[in-house]
Amino acid sequence: MDKNILSVREMQYEDIKLIIDYWMHADENFLHAMGADKHKLPSRDEWQSMLENQLTQSYREKQSYCITWLEDGVPIGHSNVNKIVFGEEAFMHLHIWKKALRQKGAGKALVLMTLPFFFYRLELKTLYCEPYALNPAPNRTLEKTGFVFVRNYTTIPGSINFEQPVNRWQLTRETFLTL
């Protein structure tokens, strides 16, 4: 049996609808399991505007930057960074849309392919990821990928989140270059 080919690329205009649909069609339990509150999600038009804006900004201007994940050339998820300080740091998020690929090891391969985009295009020194501490999948993926656990603390990590315990993971440029 042939193994499916995973790849990544920068978000393209046609990916915007898929990203928005992922969020808008997610059920409340799935969102809660990743630390998101369905009632705090932006409207479809707000998502559209935010994502389209990414496509027109230079890397230095970006407030968010998205990489589309593909299986056999078909989009199946995305990783984005926000809280970007160009040349310094950013915070990464991981989303596999295709349920059948979740918790199957695809995340590690996709993250490893995504990291060069974030480190080189945004000239990062440090990349952070703060998944919901009670969501084991991204925490395992980060550890397997080479991120270092920094600390656990309680916060409201973003505008779509509820107060929650998060695990802060970090990957420095030096460590990234050895992967």
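Refer to the preceding data block for the structure.
This write-up is about the structure you can find in this document. (Residues numbered from 1 in each chain as written. Predicted model: local features only at pLDDT ≥ 70, side-chain atom pairs only at ≥ 80, totals over all residues. Heavy atoms only, no water.)

### Describing the sheet that holds strand E3 (residues 74-85)
Strand order in this open sheet of seven strands is E1-E2-E3-E4-E5-E7-E6, and the pairing throughout is mixed. At either margin of the open sheet sits one strand with a lone partner, and together these are strand E1 (6-10) and strand E6 (148-155). Between one strand axis and the next, the sheet turns by 30° as a mean value, whatever way the strands run. Relative to strand E4 (residues 89-96), E3 is paired through seven bridges, and the arrangement is antiparallel. The residue of E4 that forms the bridge with Asn80 is His93. Across the sheet, helix H4 (residues 106-121) is in contact with E1, strand E2 (64-71), E3, E4, strand E5 (126-129) and strand E7 (164-172); its angle to E1 comes to roughly 25°. (Pairing = 2+ DSSP bridges. Helix = DSSP H or I, 4+ residues; strand = E, 2+ residues; numbered from the N terminus. Axes fitted to C-alpha atoms, helices over the stretch in contact; angles between N-to-C directions. Contact = heavy atoms within 4.5 Å.)

### Looking at the packing of aromatic side chains
Scanning all chains against the criterion turns up eleven aromatic pairs. Taken together, a centroid distance of 5.5 Å and an interplanar angle of 70° make the contact between Tyr120 and Phe176 edge-to-face. Separated by 56 residues along the polypeptide, Tyr120 in helix H4 and Phe176 in helix H6 (residues 173-176) bring together distant segments of the chain. Between Phe149 and Trp169, the aromatic rings sit 5.5 Å apart at their centres with planes inclined by 75°, giving edge-to-face as the arrangement. Of this pair, Phe149 sits in strand E6 while Trp169 sits in strand E7, and the two are 20 residues apart along the sequence. Take Trp169: its relative accessible area is 7%, and that puts it in the buried class. Aromatic rings pair up to connect Tyr22, Trp23, Phe30, Trp47 and Trp97 into one cluster. Just above the ring of Phe91 sits the side chain of Lys83; from NZ or CZ to the centre is 5.0 Å. Sitting over the face of the ring of Tyr128, Arg168 holds its NZ or CZ atom 4.9 Å from the ring centroid. (Phe/Tyr/Trp six-rings, centres within 6.5 Å; stacked < 30°, edge-to-face > 60°. Buried < 20%, exposed > 50% of the residue type's maximum accessible area, 1.4 Å probe, protein only. Lys NZ or Arg CZ within 6 Å of the ring centre and 35° of its normal.)

### Structural notes on unusual backbone geometry
A positive phi angle is found at Asp72, which is not glycine, with a value near 50°. Relative to the helices and strands, Asp72 resides in the loop between E2 and E3. With a phi close to 50°, Lys83 is a non-glycine residue in the positive phi region. The topology assignment puts Lys83 in strand E3. A relative accessible area of 41% places Lys83 in the partly exposed class.

### Section: the packing of helix H1 (residues 15-24) against helix H3 (residues 44-56)
One can describe the packing of H1 onto H3 by two numbers: an axis separation of 10 Å at closest approach and a directional angle of 145°. The element H1 and its partner H3 pack so that their crossing is right-handed. Residues Ile16, Ile19, Ile20, Asp21, Trp23 and Met24 of H1 form the contact with H3, whose own contacting residues are Arg44, Trp47, Gln48, Leu51, Glu52 and Leu55. Within the contact of H1 with H3, the residues separate by chemical class into eight nonpolar, one polar and three charged. (Left-handed = near helix turned anticlockwise from the far one by under 90°. Nonpolar A, V, L, I, M, F, W, Y, C, P; charged D, E, K, R; others polar.)

### What to know about the packing of H4 against helix H5 (residues 136-145)
Describing two packed helices takes the angle between their axes plus the distance from one axis to the other. Two elements in contact, H4 and H5, have axes whose closest approach is 9 Å; the angle formed by their N-to-C orientations is 55°. For the element pair H4 / H5, the angle class is oblique. Judged by the sense of rotation from one axis to the other, the crossing of H4 with H5 is right-handed. Residues Gly107, Lys108, Val111, Leu112 and Leu115 of H4 pack against Thr141, Lys144 and Thr145 of H5. Considered class by class, the residues forming the contact of H4 with H5 number three nonpolar, three polar and two charged. (Parallel < 35°, antiparallel > 145°, perpendicular 65-115°, else oblique.)

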